[in-house]
Amino acid sequence: MQIRRVTTEDIDEVLELGVLMHAESAYRFLPFDRDKVRRLLLSYAETPETRCMLAAEENGRIVGVFVGYLTDYFFCGEKLAMDVVLYVGRKYRGSSAARRLLRAFCDWARARGACEVCLGVSTDVNAERTGKFYERMGFVRVGGIYKQRLRTPCGT
């Protein structure tokens, strides 16, 4: 298994992983806008200093992806690295893909001066298992995510 940066040539393959993630996530009640996601992925691929998009590749096929970014804390100028997506296809869960993607993101963040990495589990895809995985990787649980749906989205 190889971990590498996602290039613009990989966008369609990563987009298909996004479709799979959306379908099994807590966000499946919302529409998936392929064009919007494609534009976001392209912006990440084209801004490597503050945006990180990594692929786990097995036999020439992308089987997992990590998307994250570098930002300032809202109260000071220190850097913080945050995730957007960590997704590994079902067939590859339990492999080294997620562990290697997360380590590569932490290395990317460290190289850019981040003080810490913050991860969320908002998709509700194997939430407990993902949390335990993060803890095994040295992360500490702080707080939680609380949601309240206010309306039915348009188009559903």
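The structure contained in this document is the topic of the report that follows. Just so you know, the residues in each chain are numbered from 1, in the order the chain's sequence is written. Thresholds applied to this predicted model are a pLDDT of at least 70 for local features of residues and 80 or more for the giving and counting of side-chain atom pairs; totals over whole chains, interfaces and linings are not thresholded and use all residues. Side-chain calculation: all heavy atoms of the structure are included, whereas hydrogens and water are not.

Moving on: the packing of helix 1 (residues 11-24) against helix 2 (residues 34-45). Where helix 1 contacts helix 2, the axes come no closer than 10 Å and their chain directions differ by 125°. Taken together, helix 1 and helix 2 sit at an angle that is classed as oblique. Relative to helix 2, the crossing made by helix 1 is right-handed. Mapping the contact onto sequence places Ile11, Asp12, Val14, Leu15, Glu16 and Val19 in helix 1 and Arg34, Val37, Arg38, Leu41, Leu42 and Ala45 in helix 2. For helices, the fitted line uses only the C-alpha atoms of the stretch in contact; every axis is such a line through C-alpha atoms, and the angle between N-to-C directions lies from 0 to 180 degrees. Here a strand is any run of E in DSSP of at least two residues, a helix any run of H or I of at least four, and the numbering for each starts at the N terminus. In these notes the angle categories are as follows: under 35 degrees is roughly parallel, over 145 is roughly antiparallel, 65 to 115 is roughly perpendicular, and the rest is oblique. Each helix crossing is assigned a hand: it is left-handed if the near helix lies turned anticlockwise from the far helix by less than a right angle, otherwise right-handed if that turn is clockwise. Here, two residues are considered to be in contact whenever any of their heavy atoms come within 4.5 Å of each other.

Attention now goes to helix 4 (residues 127-136). Burial classification: accessible surface area is computed with a 1.4 Å probe over protein chains only, and a residue below 20% of its type maximum counts as buried, one above 50% as exposed, and the rest as partly exposed. Buried within helix 4 are the following residues: Thr130, Phe133 and Tyr134. Down the axis of helix 4, the smallest arc covering the buried residues is 100°, so these residues share one side. For helix 4, the exposed residues set more than 90 degrees away from the buried face come down to Glu128 and Arg136. Considering only its buried residues, helix 4 is in contact with strand 4 (79-88) and helix 3 (97-111). Think of it as the arc spanned by the lines of direction from the helix axis to the C-beta atoms.

Before going further, it helps to examine the side chain of threonine 130. One can find threonine 130 in helix 4. Under the relative-accessibility criterion, threonine 130 is labelled buried at 19%.

This part takes up helix 3. To estimate how far a helix should reach, multiply one less than its number of residues by 1.5 Å. The end-to-end C-alpha distance of helix 3 is 21 Å, a good match for the 21 Å that 15 residues give at a rise of 1.5 Å each. Buried residues of helix 3: Ala97, Ala98, Leu101, Leu102, Phe105, Cys106, Trp108 and Ala109, and no others. All buried residues of helix 3 project into a common sector of 160° when viewed along the axis, lining one side. Relative to its buried face, helix 3 has exposed residues pointing more than 90 degrees away, namely Arg110 and Ala111. Where helix 3 is buried, its residues touch strand 1 (2-5), strand 2 (51-58), strand 3 (61-72), strand 4, strand 5 (114-118) and helix 4.

Let's shift gears to unusual backbone geometry. The phi torsion at asparagine 59 lies on the positive side, around 55°, for a residue other than glycine. Take asparagine 59: it is sitting in the loop between strand 2 and strand 3. The class for asparagine 59 is exposed, based on a relative accessible area of 75%. A positive phi angle, close to 65°, is found at aspartate 124, a residue other than glycine. Structurally, the position occupied by aspartate 124 is in the loop between strand 5 and helix 4.

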